[in-house]
Amino acid sequence: MSQQVYNFGAGPAMLPAEVMQQIQQELLDYRGMGVSVLEISHRCEEFGEILTSAQQLFRELTGLPDNYRILFMHGGARMQFAAVPLNLAGRVASRKALYCETGSFARVAAKDASAFAAVKTIMSGAETGYDRIPQLPTELIEQDAAYLHITSNNTLYGTRWNRFPQTGAVPLVADMTSELLSRQIDFSQFGLIFAGLQKNLGPAGMAMVIVREDLLEYAGDQVPPLLSYKQCAKDNSLTNTTNTFAIYAIRLALEWLKKQGGVAAIEKSNERKAASLYAMLEASDFYSGMAHPEHRSMMNVTFRLPNEELERRFVSEAEKAGLYALAGHRSVGGIRASIYNPMPIAGVETLAGFMAEFAANNG
Ligand SMILES: *Cc1c(COP(=O)(O)O)cnc(C)c1O
């Protein structure tokens, strides 16, 4: 048997083994139908049950208030960078939209939006290399804006918002791609949340959009149906053939999460996993954490070694030891351990053991 491999990739990322085993077991014959879940119509009763139960499980796991809709949309998280302004900028005549630039996806979100909204970047972490979430004074949240966009967890830099800004009447929009369902969140603070599925939830290529009902009304007639929240909500995400397989996989991932004890329980385990790696970084003079201690992500742990040559060796020796995909993002460098919900404590312990040994041999 080959050695156990732990996948620390940032996304597409590891899925629970139980989920993939279940997919494998029922792939050729979906629950007695004699056909595969890959082959059935998105409009058949069986798929309807998959979609409804995914939505219900998400509500149950998060306590999502009734006045929010759950949509599954094409195009991953990036498509939402355009969909958000297309749907929400029309809330105000000026189409003014506020953005917080806390990392690279945040910057791209603002850039993509600028074709459809009067984008104003009101805060940026560029000056300190995005190692923290800068202060956001309340007076910068202009009350005549259509919305304020934040990236709740910055996947490349390993930082996160611990607390979210109080935005008054301005709907708060959050890209939660790399942390949705990793910690308990009061959804009522948000107008809209979106997440590409491939980080913490399932396969790549789709996004989950959680939108407050009163925000469904602002898409203009020129918005393509597949990008329109209103249309998507009206059709319950079945405007066209959806990615049935991804939604099926998410339903299984949500069932898995429920079996783990839900979001509160997984949050505790995520805290433990992250704390053990951060404690190791703090105690070491070989490794140095990249994120400011007050803004550290629980999902993406980023750090550096004394030089790039050692970082390359670290990544390649780790891989031989069954620790896969630890290189930082190509634009940032360093090391990044993505430890999403499915990463078991044992994976993190194995990584910590490898780090101690590598430091002893190379320090
Ligand atoms: C990965 C990621 C994205 C991009 O996701 P795609 O599905 O590839 O478009 C956007 N935002 C954040 C925070 C991410 O981590």
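Residues numbered from 1 in each chain as written. Predicted model: local features only at pLDDT ≥ 70, side-chain atom pairs only at ≥ 80, totals over all residues. Heavy atoms only, no water.

Here we look at the environment of glycine 363
Here is the rule: Helix and strand definitions follow DSSP, with helices as H or I runs of at least four residues and strands as E runs of at least two, each counted in order from the N terminus. Buried residues are those whose accessible area, probed at 1.4 Å on protein chains only, stays under 20% of the maximum for their type, while exposed residues exceed 50% and partly exposed ones sit between those limits. In this description, contact between two residues means that some pair of their heavy atoms is separated by no more than 4.5 Å.
Following the sequence through the fold, glycine 363 ends up in the segment after α9 (345–362). Since its relative accessible area comes to 84%, glycine 363 is described here as exposed. What glycine 363 contacts, discounting residues up to four positions off in sequence, is Phe286 and Phe358.

Quick look at the pattern of salt bridges
Our working rule: For this document, the term salt bridge refers to a Lys or Arg side-chain nitrogen within 4 Å of an Asp or Glu carboxyl oxygen.
This model, assessed by the stated rule, comprises 14 salt bridges. Two residues, lysine 96 and glutamate 142, come together in a salt bridge whose shortest N-O distance is 2.4 Å. Taken together, the positions of lysine 96 in strand β3 (residues 96–101) and glutamate 142 in the loop between β4 (118–124) and β5 (148–151) put the pair 46 residues apart, joining distant regions of the chain. Here aspartate 131 ties to arginine 132 by a salt bridge, and the two come within 2.9 Å at their closest N and O atoms. We classify aspartate 131 as buried; its relative accessible area is 16%.

Observations regarding the packing of helix α3 (residues 76–88) against helix α4 (residues 104–113)
Filter applied, for reference: Only the stretch in contact is used when fitting a helix axis, every axis being a line fitted to C-alpha atoms; angles between N-to-C directions are given from 0 to 180 degrees. The scheme is simple: roughly parallel for angles under 35 degrees, roughly antiparallel for over 145, roughly perpendicular for 65 to 115, oblique for anything else. Left-handed describes a crossing whose near helix is turned anticlockwise from the far helix through less than a right angle; right-handed describes the clockwise counterpart. The nonpolar class holds Ala, Val, Leu, Ile, Met, Phe, Trp, Tyr, Cys and Pro. Asp, Glu, Lys and Arg form the charged class, and all remaining residues, Gly among them, are polar.
Relative orientation of the contacting elements α3 and α4 amounts to 45 degrees, with a least axis distance of 8 Å. Put simply, α3 runs oblique to α4. As for the relative orientation of α3 and α4, their crossing is right-handed in sense. Each of Arg78, Phe81 and Pro85 in α3 lies in contact with α4, whose residues at this interface are Phe105, Val108, Ala109, Asp112 and Ala113. Taken together, the residues of the contact of α3 with α4 sort by class into six nonpolar, no polar and two charged.

Brief notes about the environment of serine 269
With respect to the helices and strands, serine 269 occurs in helix α7 (residues 262–283). By relative accessible area, which is 23% here, serine 269 ends up partly exposed. The spacing of serine 269 and isoleucine 50 is 219 residues in sequence and 28 Å in space, taken between C-alpha atoms.

Quick word on helix α6 (residues 244–259)
Under the convention used in this document: A helix is expected to span 1.5 Å multiplied by its residue count minus one.
Given a rise of 1.5 Å per residue, 16 residues ought to cover 22 Å, and the 23 Å separating the end C-alpha atoms of α6 matches this to within 8%. Judged by how many residues are buried, α6 sits mostly within the fold: twelve of 16 residues are covered. Turning to α6, its buried residues number three or more, namely Thr244, Ala246, Ile247, Tyr248, Ala249, Ile250, Arg251, Leu252, Ala253, Leu254, Trp256 and Leu257. In this structure, the buried side of α6 is in contact with α1 (17–26), α2 (45–62), β2 (68–74), β10 (206–212) and α7. At the exit of α6 stands glycine 261, carrying a positive phi of roughly 105 degrees.

Topic: the pairing of strand β14 (residues 335–338)
The test is simple: Whether two strands pair depends on DSSP finding at least two bridges between them.
The alternating pattern of β14 places Ile335 and Ala337 on one face and Arg336 and Ser338 on the opposite face, and all of these are buried. Of the pairings in the sheet, the one linking strand β12 (residues 300–304) to β14 comprises four bridges and is antiparallel in character. Directly across from threonine 302, in β14, lies its bridge partner arginine 336.

A word on the site of the ligand
Stated formally: Note on definitions. A residue lies near a molecule or strand when any single heavy atom of the residue is within 4 Å of it. In the analysis that follows, any N or O atom pair within 3.5 Å is treated as a polar contact, provided that within protein one partner can donate a hydrogen and the other can accept it, and provided that, for residues neighboring in sequence, both atoms belong to side chains. Only the protein chains shown count as cover for residues, and the accessible areas themselves come from Shrake-Rupley with a 1.4 Å probe.
Every one of the 13 residues lining the ligand counts as a neighbour, but Arg78, Thr155, Asp175, Gln198 and Lys199 are closest to it. Within the backbone of alanine 77, a nitrogen or oxygen atom sits 3.0 Å from an oxygen atom of the ligand. Interatomic distance of 2.7 Å between a backbone N/O atom of arginine 78 and an oxygen atom of the ligand. For the ligand, the protein covers 84% of the area, taking 390 Å² as the surface of the free molecule. A total of four residues in the shell around the ligand trace back to one element, the largest contributor, which is α3. Grouping the amino acids of the shell around the ligand by side-chain chemistry returns three nonpolar, seven polar and three charged.

Here's the deal with the side chain of asparagine 362
By the element assignment, asparagine 362 lies in helix α9. Among the polar contacts made by the side chain of asparagine 362, one reaches the side chain of arginine 313 at a distance of 2.6 Å. Residues contacting asparagine 362, with those up to four places away along its chain left out, are Phe286, Leu310 and Arg313.

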